[in-house]
Amino acid sequence: MPEIKLVDVAMIYPFQKVSGIFNRKQQELILQQQKKMPYTSNEGVIALQHFNATISDGEFVAVLGPSGSGKSTLLRVIAGLERPVAGDLYFDDRDYKFVPAAERDCAMVFQNFSLYPNQTVYKNISFPLEVKHVPREEIQPEVRKIAELLNLDTKLDRMPQDLSGGEKQRVAIARALIKKPAVLLLDEPFSNLDPLMRARLRTQLKELHQVYKTTFIYVTHDQYDALSLADRIIILKDGILQMDDTTANVYNYPVNRFCAEFVGSPAMNFFEDIPVSKTGTITILGHNYQLSKAQMKKIRKDDTVDVGIRGYDIAISNNGYPAKVEYTEVIESDLVIHVIADEKKLTVVEKAADGDSLKYFRDQDIHLNIDTDRLHVFDQDGSRL
Ligand code: ADP
Ligand code: MG
């Protein structure tokens, strides 16, 4: 199975032609939308630029970014459905830029299930082996094996329309994996499913990855998916790679404000335009933090910094910085306390225990303590110091 290497890859989609079939108002609207895209060239919309990454054999990588950030484009380039306008693509040092999609040994799973509607679940799963003319008696055990792993063994005679969304997506995953592709590309596969089903499928996907040991590249706009599934996360914004690191590093050391705000729930608290003293001290909620020499070197004289801290790194205690409770909510096993300090809204997170939602009440006076080792300091360009 290959190591996939993308070197300085760029992908540009031509602007939509607006003449003829649209009336003038519609034309203007489309042109406006196209001009609004963050990066355009004379040729069109730049969906991916200067993209560099190496994905090792058997890795589980998540590609995370908001809608329109180029995630699907990246998968399409790897799968061979799109040829990059610049840069190179290698599978194990072999130049793959001109290798057609059919020869790439990639399988893809999409958001919208895309099953063959007139075929049973069994036929849907076995199809990729049948087109390869694998003998029937070899196909059957393979279908049984993967159907069992995905809890589909009792559904093999059903038609797709008689399946729930979660079941349909499991069939799509089974069909993609049965030919043992070198790479499985998953494009927001769980976004049409309810939260409970998503959680269950996440677990199954992890198991499948361990059994099949195929490279999984999982595209999502859902940071929770990325954090819970992948060993490594690539964050994209406007077609540009922002961060490519282990899941822990992405969470603990976001390289810029975008990554800091996009990853983690509830979103990181931010204090903006915080002055830095001559000796390099900043003060957040009454707590002093000393910038290191290396951090000081990166900022210009008189520049302020933006400082982030996650709700998990703020504690409510008897003494500390005064604040007031607004309201609380229990989210999974977390108690999220919305508080106001200096007219600023912040979120504090504690582990929720039974009856905890009554622990705090509106307008309650509390005190905050922060773990200053867990502050995230950014310069005015948004880069981590
Ligand atoms: P994502 O999957 O992260 O939502 P995409 O890769 O689908 O993002 O799209 C990236 C950018 O390229 C978007 O601005 C999108 O509008 C544009 N784009 C995607 N596909 C096409 C296409 N076939 N023609 C023109 N523009 C496209
Ligand atoms: Mg997409």
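Structure shown above.
Residues numbered from 1 in each chain as written. Chains lettered and ligands numbered in written order. Predicted model: local features only at pLDDT ≥ 70, side-chain atom pairs only at ≥ 80, totals over all residues. Heavy atoms only, no water.

> Is there a simple way to explain the sheet that holds strand β4 (residues 86–91) in this structure?
Pairing is antiparallel across the open sheet formed by four strands, whose spatial order is β2-β1-β4-β5. At either end of the open sheet lies a strand with only one pairing partner, and these are β2 (44–55) and β5 (94–95). Pairing of strand β1 (residues 4–14) with β2, which is carried by eight bridges, proceeds in the antiparallel orientation. Across the sheet, residue Leu6 finds its bridge partner in β2, namely Ala53. Across the sheet, helix α2 (residues 71–79) touches β1, β2 and β4, and the angle it forms with β1 is around 115°. (Pairing = 2+ DSSP bridges. Helix = DSSP H or I, 4+ residues; strand = E, 2+ residues; numbered from the N terminus. Contact = heavy atoms within 4.5 Å. Axes fitted to C-alpha atoms, helices over the stretch in contact; angles between N-to-C directions.)

> Even after reading the chapter, I still don't get the packing of aromatic side chains, so can you show me in this structure?
Aromatic ring pairs are defined here through the distance separating the ring centres and the angle between the ring planes. Counted under the stated rule, the structure contains seven aromatic pairs. Centre to centre, the rings of Phe190 and Tyr218 are 5.9 Å apart; their planes meet at 65°, and the pair counts as edge-to-face. Taken as a pair, Phe190 in the loop between β7 (183–187) and α6 (195–212) and Tyr218 in strand β8 (residues 215–220) lie far apart in primary sequence, 28 residues in all. Across this residue pair, the class does not change: Phe190 and Tyr218 are buried. Arranged with centres 5.3 Å apart and planes meeting at 15°, the rings of Phe258 and Phe262 form a pair that is stacked. (Phe/Tyr/Trp six-rings, centres within 6.5 Å; stacked < 30°, edge-to-face > 60°. Buried < 20%, exposed > 50% of the residue type's maximum accessible area, 1.4 Å probe, protein only.)

> Would you explain the site of ligand 1 in this entry?
Residues in close proximity to ligand 1 include Tyr13, Met37, Ala47, Pro66, Ser67, Gly68, Ser69, Gly70, Lys71, Ser72 and Thr73, which together make up its full environment. For ligand 1, an oxygen atom lies 2.6 Å from a polar atom in the backbone of Gly68. Burial of ligand 1 by the protein amounts to 64% of the accessible area it has alone, namely 560 Å². The dominant element in the shell around ligand 1, judged by the number of residues it contributes, is α2, at three residues. Residues belonging to the shell around ligand 1 are distributed by class as follows: four nonpolar, six polar and one charged. (Near = heavy atom within 4 Å. Polar contact = N/O pair within 3.5 Å; in protein donor to acceptor, adjacent residues only side chain to side chain. Areas by Shrake-Rupley, 256 points an atom, 1.4 Å probe, with all protein chains shown as cover. Nonpolar A, V, L, I, M, F, W, Y, C, P; charged D, E, K, R; others polar.)

> Whenever I open this one, unusual backbone geometry confuses me. Can you help?
Note on backbone geometry: most residues besides glycine have negative phi, and most peptide bonds are trans. Here the residue pair Ser265 and Pro266 is connected by a cis peptide bond, since its omega of -5° sits within 30 degrees of zero. Positionally, Pro266 belongs in the loop between α9 (257–262) and β11 (269–274). Even without a glycine there, the phi angle at Asp93 is positive, about 65°. Inspection of the secondary structure assignment puts Asp93 in the loop between β4 and β5. The exposure class assigned to Asp93 is exposed, which follows from its relative accessible area of 64%. Located in the positive-phi region is Glu343, a residue other than glycine, with phi close to 65°. Along the chain, the position of Glu343 falls in the loop between β17 (334–341) and β18 (344–351). Given a relative accessible area of 79%, Glu343 falls into the exposed group.

By themselves, these figures tell us nothing about what the structure is for.
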